[in-house]
Amino acid sequence: MSASRIPAQRGPTVEFEFDGDPVVAHEGETVAAALLAANVAAFGIARNGEPRLPLCNMGTCFDCVVTVDGEPLVRSCLRDVCDGMRVTRNEAS
Amino acid sequence: MVDLVVIGAGPAGMAGALAAAECGLEVVVVDEQAAAGGQIFRRTPESFGGSRATRPYRWAPDLIARFDAHPNIRVLYRSTAFGIMRDREGSAVRLNVGVSAATGGELIPAKRILIATGSYDLPVAFPGWTKPGVMTVGAAQTLLKSQKVLAGRRVILAGSHPLLLIAADQLLQAGAEITEIAFARGLPRASEMGAALSAAPGHFEIFAEAGRAAARVVSRGVKVTTRTIVTAATGGAAVTGARLTQVDPAWHRVGPEREVSGDLLLLGYGFSPATDLARQAGCEMRWNSRLGGWTVVTDERFASTAADIFVAGEPTGVAGAEQSRAEGRIAGLHIAESLGSSASDHPRLLRRAHRALSSSGRFSAVVQAMFEPNREALGHLSDPEGTTVCRCELVDSGSLDTALRANPFISTANAAKLECRSGMGPCQGRYCEGTVATRVAAARGIAVADAGYFTAHVPVKPVPLSTYRMLGSTSD
Ligand SMILES: Cc1cc2nc3c(=O)[nH]c(=O)nc-3n(C[C@H](O)[C@H](O)[C@H](O)COP(=O)(O)OP(=O)(O)OC[C@H]3O[C@@H](n4cnc5c(N)ncnc54)[C@H](O)[C@@H]3O)c2cc1C
Ligand code: FES
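Here the structure is a predicted model, which is why all the values come from computation and not from measurement. (Residues numbered from 1 in each chain as written. Chains lettered and ligands numbered in written order. Predicted model: local features only at pLDDT ≥ 70, side-chain atom pairs only at ≥ 80, totals over all residues. Heavy atoms only, no water.)

What to know about the overall build of chain A
Phase 1 of the analysis: Looking only at helices and strands, one finds one helix and nine strands in chain A.
Phase 2 of the analysis: Ordered by position in the sequence, the α and β elements of chain A form the string β-β-β-α-β-β-β-β-β-β.
Phase 3 of the analysis: Taking 2.2 N^0.38 as the reference for a compact globule, 93 residues should give roughly 12 Å; the C-alpha atoms of chain A span a radius of gyration of 12 Å, in line with that estimate.
Phase 4 of the analysis: The buried share of chain A, reckoned over its 93 residues, is 58%. (Helix = DSSP H or I, 4+ residues; strand = E, 2+ residues; numbered from the N terminus. Rg over C-alpha atoms; globule rule 2.2 N^0.38 Å. Buried < 20%, exposed > 50% of the residue type's maximum accessible area, 1.4 Å probe, protein only.)

Quick word on unusual backbone geometry
Residues and elements named next belong to chain B.
Phase 1 of the analysis: Pro-56 follows Arg-55 through a cis peptide bond whose omega is 0°.
Phase 2 of the analysis: The topology assignment puts Pro-56 in the loop between β2 (27-30) and α2 (60-69).
Phase 3 of the analysis: In this chain, Val-458 is followed by Pro-459 through a cis amide linkage whose omega measures -5°.
Phase 4 of the analysis: Along the chain, Pro-459 falls in the loop between α13 (433-444) and α14 (465-470).

Some details on the packing of aromatic side chains
All names here are of chain B.
Phase 1 of the analysis: Inspection of the entire model under this criterion finds seven aromatic pairs over all chains.
Phase 2 of the analysis: Their ring planes at 80° and their centres at 5.9 Å tell us that Phe-41 and Trp-59 sit as a pair that is edge-to-face. Taken together, the residues span a long stretch of sequence, with Phe-41 in the loop between β2 and α2 and Trp-59 in the loop between β2 and α2 at a distance of 18 residues. Each member of the pair, Phe-41 together with Trp-59, is buried.
Phase 3 of the analysis: Look at Trp-287 and Trp-294: their rings are 5.3 Å apart centre to centre, the planes differ by 65°, and that puts the pair in the edge-to-face class.
Phase 4 of the analysis: Residue Trp-287 is classed as partly exposed on the basis of its relative accessible area, which comes to 26%.
Phase 5 of the analysis: Through a chain of ring-to-ring contacts, the aromatic side chains of Phe-41, Tyr-57 and Trp-59 assemble into a single cluster.
Phase 6 of the analysis: When the ring centre of Phe-371 is taken as origin, the NZ or CZ atom of Arg-185, which lies over that ring, is 5.5 Å away. (Phe/Tyr/Trp six-rings, centres within 6.5 Å; stacked < 30°, edge-to-face > 60°. Lys NZ or Arg CZ within 6 Å of the ring centre and 35° of its normal.)

Thoughts on the state of the cysteines
Residues and elements named next belong to chain A.
Phase 1 of the analysis: One pass over the structure, following the stated rule, counts zero disulfides over all chains.
Phase 2 of the analysis: We note that Cys-82 lacks a disulfide partner, and the nearest cysteine sulfur, in Cys-64, lies 16 Å from it.
Phase 3 of the analysis: Given the relative accessible area of 39%, Cys-82 is considered partly exposed. (Disulfide = S-S within 2.5 Å.)

Here we look at the site of ligand 1
Phase 1 of the analysis: Taken together, 35 residues surround ligand 1, and among them Ala12(B), Asp31(B), Ile40(B), Ala81(B) and Ser324(B) come closest.
Phase 2 of the analysis: More than one chain lines the surroundings of ligand 1; the residues nearby belong to chains A and B.
Phase 3 of the analysis: One nitrogen or oxygen atom from the main chain of Gln39(B) is found 3.1 Å from an oxygen atom belonging to ligand 1.
Phase 4 of the analysis: At a separation of 3.3 Å, an oxygen atom of ligand 1 approaches a polar side-chain atom of Gln141(B).
Phase 5 of the analysis: Expressed as a share of its isolated accessible area of 970 Å², the protein-covered part of ligand 1 is 93%.
Phase 6 of the analysis: Considered class by class, the residues forming the shell around ligand 1 number 15 nonpolar, 15 polar and five charged. (Near = heavy atom within 4 Å. Polar contact = N/O pair within 3.5 Å; in protein donor to acceptor, adjacent residues only side chain to side chain. Areas by Shrake-Rupley, 256 points an atom, 1.4 Å probe, with all protein chains shown as cover. Nonpolar A, V, L, I, M, F, W, Y, C, P; charged D, E, K, R; others polar.)

A few points about the pairing of strand β11 (residues 177-183) of chain B
Residues and elements named next belong to chain B.
Phase 1 of the analysis: In terms of residue burial, β11 counts as a mostly covered element, since five of its seven residues are buried.
Phase 2 of the analysis: Where strand β10 (residues 154-159) lies against β11, six bridges are found, and the strand directions are parallel. Paired with Val-155 across the two strands is Ile-178, which belongs to β11.
Phase 3 of the analysis: Running through helix α4 (residues 163-173), the crossover from β10 to the neighbouring parallel element β11 is right-handed.
Phase 4 of the analysis: Both β11 and strand β12 (residues 224-225) contribute to a ladder of two bridges, which runs parallel. Paired with Ile-181 across the two strands is Val-224, which belongs to β12. (Pairing = 2+ DSSP bridges. Right-handed = clockwise from strand over helix to strand, strands pointing away.)

Examining the pairing of strand β3 (residues 73-76) of chain B
Phase 1 of the analysis: Of the pairings in the sheet, the one linking β2(B) to β3(B) comprises four bridges and is parallel in character. Within the sheet, the bridge partner assigned to Val28(B) lies in β3(B) and is Arg74(B).

The following block contains the structure:
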């Protein structure tokens, strides 16, 4: 899947971290939109090792959950990016 | 204690909150999104200009503006209502709404509750549907509308709902390439078109909008096939294509499979009412496939069978934004009346809302009949060995069937859930309930409705432990 930002007015850039790598995004973007646009291959890894990406983008499926600054099970489609945020992949236990 | 807590700020929740507030009630509204509007009127962030598409609904900008501005309405955005709890003090019962946000949790005591939680895209389980690159059509649409992100480059759309064509048009305009749009049903029959025309007065613009979208899609040379269903998402770790198969009018496969390529597969088979909170609160449910499956039973005031809890919009049946708004308004007026405050022109307002309800109802009945998904056929898409049914707990159709063979007394979706853990993960069964129910029904030779639904418990969506502890001795 190769997602991209379409031309549009956007907020100022912010930088956050996903699994230690820097991601550049725009203020107002959700973590899900920013990670999709960065072409991250997996937001989470299911117990059987399968990668997962967002399914619903509306808060109901929980396939987009990540850990944000230590807070687990955060739905990235409902959370906005902010500068310096540390996001890590969700590893199912 | 506030007079009314409304859960959901879509057309139903906004209309309900506003009607009650205009009668003098103090209203708190809870919504997980960042702004009012619901799924259909999702807005871009302030830093993107805060624009919002409301066509062809002329009433929408005014409803949203009045909702945003009303001094009696306090809105908690980015906040999840995770449960409805009752405190018993002697014979008196007090309602509380449990709310969780990134900043913490709270319990909001309320005299009345209006559940207006909307719906979500109907999930369909088939081989490969958990792969990155499979999304609901609503997901791609909301990413585009509110985040200006195109989710893929080469898109395959599969489903049976008219929204598929509107979404395809929007994706094309944003620069996507569409490999194929596979419609499970055939073209509408003459009798259906006749019914649609007689329901059209007042809804002409919506029909026109869908028609224009379809024409634009076809004129761009996009391949649109009918009586075609998706049977698998193909590729390694991520989607590189989909397998499509010809079906008969009952959606049974009649042809061989063929493969089309694409990096994004979008599913649009219709919508499921979001009824988790209503179930958890003890509202009576009723099966109605045309209205989306399990719906909440209400009376003509939109009061549920649970005391002081009203339900409006898609949880009572999926019927579109127009009807959601009318239901919300009627509920809000009756809630105010039940607390002894009504507007001076109350009867006139109620009559107007009922007129809106019956005209939107005619329209949605036509749409529902035309686009009802064939649930049995969709359930069979999960037949192939190893197909994941429950995405969270990784229960596949084979282990579900084995459990059904080993436990002949299991004849409900809920019993199957307790046996297999299907539906016990973070999504709480929203994405496997339909598949589990159709598999149980097929195994026992009963109707899908007789397999029942998953019960819901607090928290209906996972919340941090700290929020949960705050509940203390309060029980549901
Ligand atoms: C993704 C999606 C896209 C859609 N796009 C279109 C479209 O383009 N055109 C069209 O005609 N119809 C569309 N629909 C159908 C549309 O939902 C209805 O026509 C109409 O908007 C329903 O209004 P409503 O008020 O009943 O629910 P909604 O508008 O869905 O509003 C429900 C609100 O409740 C909130 N909510 C739900 N549960 C909770 C909770 N536990 N805690 C807090 N908040 C909660 C949600 O965040 C949402 O804002 C779409 C539906 C979906 C799911
Ligand atoms: S994508 Fe489904 S909850 Fe975020």
